[in-house]
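Given next are the chains, with one letter for each unit.
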Amino acid sequence: LRVFLSSLSFPSFRPFHVEPTNIVSVNDDTQRVTDEASAMNKRIHYYSRLTSPADRALIAPDHVLPAPDEIYVYSPLGTAFKVDSCTDGYGKNSSLVTIFMIWNTMMGTSILSIPWGIKQAGFTSGIILILLMGILTLYCCYRVVKSRQMIPLTDTSNWEFPDICKYYFGSFGQWSSLLFSMVSLVGAMVVYWVLMSNFLFNTGKFIYNFVHDINVTDIVPGTNGSNKVICPSAASDHPPQNMTVMFSSGNRTGFELFEEWWDKSKTVPFYLVAVLLPLLNLKSPSFFAKFNVLGTVSVVYLVFLVTVKAAHLGIHLEFNWFTQNEFFVPEFRILFPQLTGVLTLAFFIHNCVITLLQNNRNQENNVRDLSIAYFLVGLTYLYVGVIIFASFPSPPLSKECIEQNFLDNFPSDDIMSFVARIFLLFQMMTVYPLLGYLARVQLLRQFFGNAYPSLFHVLILNLAIVGAGVAMARFYPNIGGIIRYSGATCGLAFVFVYPSLIYMISLHRAGQLTWPTLIIHIFIILLGLANLIAQFLL
């Protein structure tokens, strides 16, 4: 869903348009340079189809073939990194950069819900499911990469997976791929809105209490000490007025007024509209891409936070294989599909993996680099999920208290959690306009032939997207549920059904389809369908 940012290897955005026909070899004696220029031509042709000629957000710069001493690679969130030692001087990425780009693309908001997913599935089954879903989605991703090579055409180098779906399934493949792409994209934007509301609320609460020197001891159960862990779900049925407030300065009236106007679900989601809706209506979001290195910083900081918290809290595990007690959950639970739904989106990269890998310098290493990237992603999810689950203090709290956003288990006055929320809030506020831009490009260009037909069209689309985010933040602020529903829905198409069907069709046309291959891939399709159905039953 961030393909237009995750795959570019252009040096930087510049406000000059260069026609693909102007790209020529800089060394007529080297056939390799000519090949690289041709490949860059094709990539520019593909990205030029995503926007109108007047929209320069994806226009290639005037120095498309960068000099060997100044090579930049765009991260999945659009930030340019200088990688002199990692490229060959002609825009191709080393395996190290390719692996990092894939890892960084997949590491998103799902990481906040992995501990909750493990709790829903059970500790042992959660670990097993993370490993199995990683392997299964890797295989399906491998099938996506190979699908383009199995098309008997001379030139498919500028094709993406939706183009492949259109080739095999006609207009149905084109429109269905657009539909499922929009599901994943709008689902991500809704999750972002819920999380931004959460982070903004806790950040504002921390700042207000700190400035006014207010110590609030509310009814939320939690541990004592400097590394406090709370259980917000245990206090959901209590009236909000049951709290003790100690005022060192100011007055009670000001605090009560703040509590009334600074509410996580009733007011804060609406405040974000004033900031983000105007940004969504901008024609080009390229300015915000400069800040998205915070995505990588945020993930690294979350890993650091988890490690520090676990070192202070210790390990709290008790293995109950099928029975549940007051403080621990069984190792195997019937709710495990909730974790598989989250993992489907957590390992989702299938609609842009072709672009990421086509910039790899050594194409013969694509399978190896993709496998390493998936291994690192799975390892990161396992580390965060297992450490948070294992270190959650049970007793005195039950493992059932683990929230869908594990940062909610730390109070708003926790310094490390405050820093994490600040990082994530700013990062998401800069990514959100980029996601909105991609939604506009995909949808409006399909219907009107222009990514920006008029301010009215763009405003209506953005109001619908923002309205969905506000409604969810107001009435259903459960990011784990939103992630698993959207992940299972878009994953059904892009992870399970399309890669398997395309592989079977291509083998059938070549006369190489066997019964074992047919049975295995039909089983994969059925797994994806069962994964989607289970989200609505459990």
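Residues numbered from 1 in each chain as written. Predicted model: local features only at pLDDT ≥ 70, side-chain atom pairs only at ≥ 80, totals over all residues. Heavy atoms only, no water.

The next point concerns the overall build of the protein. A count of helices and strands for the protein gives 16 helices and 4 strands. Looking at the 538 residues of the protein, the share that counts as buried comes to 57%. Summed over its atoms, the accessible surface of the protein is roughly 22,600 Å², and 65% of this surface lies on carbon and sulfur atoms. (Helix = DSSP H or I, 4+ residues; strand = E, 2+ residues; numbered from the N terminus. Buried < 20%, exposed > 50% of the residue type's maximum accessible area, 1.4 Å probe, protein only. Areas by Shrake-Rupley, 256 points an atom, 1.4 Å probe, with all protein chains shown as cover.)

Below, the discussion takes up the nonpolar core. If you look at the biggest cluster of nonpolar residues, it comprises 125 residues, and the most contacted ones within it are Phe406 and Tyr432. Sort the elements by how many residues they give to this core and helix H6 (residues 161–211) lands first, with 18 residues. Phenylalanine 406 has contacts with Ile111, Leu112, Pro115, Leu302, Leu305, Val306, Val384 and Ile388, leaving out every residue within four places of it along the chain. (Core = buried A, V, L, I, M, F, W, Y, C linked by side-chain atoms within 4.5 Å. Contact = heavy atoms within 4.5 Å.)

Here we take up the pattern of salt bridges. If you walk through the whole model with that rule in mind, you get 4 salt bridges. Note that glutamate 400 and arginine 333 form a salt bridge whose closest N and O atoms lie 2.9 Å from each other. Taken together, the residues span a long stretch of sequence, with glutamate 400 in the loop between helix H12 (366–391) and helix H13 (415–448) and arginine 333 in the loop between helix H9 (294–313) and helix H10 (337–346) at a distance of 67 residues. A relative accessible area of 27% places glutamate 400 in the partly exposed class. Here the residues in one salt-bridge network are Lys119, Arg333 and Glu400, joined through shared partners. (Salt bridge = Lys/Arg side-chain N within 4 Å of Asp/Glu carboxyl O.)

Attention shifts here to the side chain of asparagine 366. Summarising the element assignment, asparagine 366 is placed in helix H12. Within polar-contact distance, the side chain of asparagine 366 engages the side chain of asparagine 360 at 3.1 Å. Excluding residues within four positions of it along the chain, asparagine 366 makes contact with Leu357 and Asn360. (Polar contact = N/O pair within 3.5 Å; in protein donor to acceptor, adjacent residues only side chain to side chain.)

Take the environment of valine 273 next. As for its placement among the helices and strands, valine 273 is situated in helix H8 (residues 268–280). Spatially, the C-alpha atoms of valine 273 and glycine 469 are 9.8 Å apart, while their sequence positions differ by 196 residues. Residues contacting valine 273, with those up to four places away along its chain left out, are Trp193, Pro278, Val466 and Val470.

Below, the discussion takes up the state of the cysteines. Put plainly, a disulfide is one covalent bond tying together the sulfur atoms of two cysteines. According to the stated counting rule, one finds 1 disulfide in the structure shown. Covalent S-S linkage joins cysteine 231 and cysteine 401, the inter-sulfur distance amounting to 2.0 Å. In this structure the cystine formed by cysteine 231 and cysteine 401 twists about its S-S bond by roughly -80°; its chirality is therefore left-handed. With cysteine 231 in the loop between strand E3 (214–217) and strand E4 (244–247) and cysteine 401 in the loop between H12 and H13, the pair connects residues that are 170 residues apart, well separated along the chain. Judged by its relative accessible area of 1%, cysteine 231 is buried. (Disulfide = S-S within 2.5 Å.)

Of all residues in the protein, 78% have pLDDT values of 70 or greater, and the mean over the chain is 80. Every residue in residues 1–87 is under pLDDT 50, and counting partners more than four places away or in other chains gives 198 contacts. Across residues 239–244, where pLDDT falls below 50, the model places 12 contacts with residues more than four positions away in sequence or in other chains. (pLDDT = per-residue confidence, 0-100.)

On to the packing of aromatic side chains, then. With the rule as written, the count across this model stands at 24 aromatic pairs. When the centroid spacing of 6.1 Å and the interplanar angle of 45° are considered together, the rings of tyrosine 301 and phenylalanine 304 count as tilted. Of the two residues, tyrosine 301 and phenylalanine 304 both sit in helix H9, 3 residues apart, roughly one turn of that helix. Residue class for tyrosine 301 comes out buried when judged on its relative accessible area of 16%. Ring geometry for phenylalanine 494 versus tyrosine 498: centroids 6.3 Å apart, planes at 75°, classification edge-to-face. A residue pair is termed a helical-turn pair when its members lie 3 or 4 positions apart in one helix, as phenylalanine 494 and tyrosine 498 do in helix H15 (residues 479–509) at 4 residues. Of the two residues examined, phenylalanine 494 and tyrosine 498, each falls in the buried class. In this structure an aromatic cluster arises from ring pairing among Trp159, Phe161, Tyr167, Tyr168, Phe169, Phe348, Phe494 and Tyr498. Over the ring of tyrosine 503 we find arginine 143; its NZ or CZ atom is 3.6 Å from the centre of that ring. (Phe/Tyr/Trp six-rings, centres within 6.5 Å; stacked < 30°, edge-to-face > 60°. Lys NZ or Arg CZ within 6 Å of the ring centre and 35° of its normal.)

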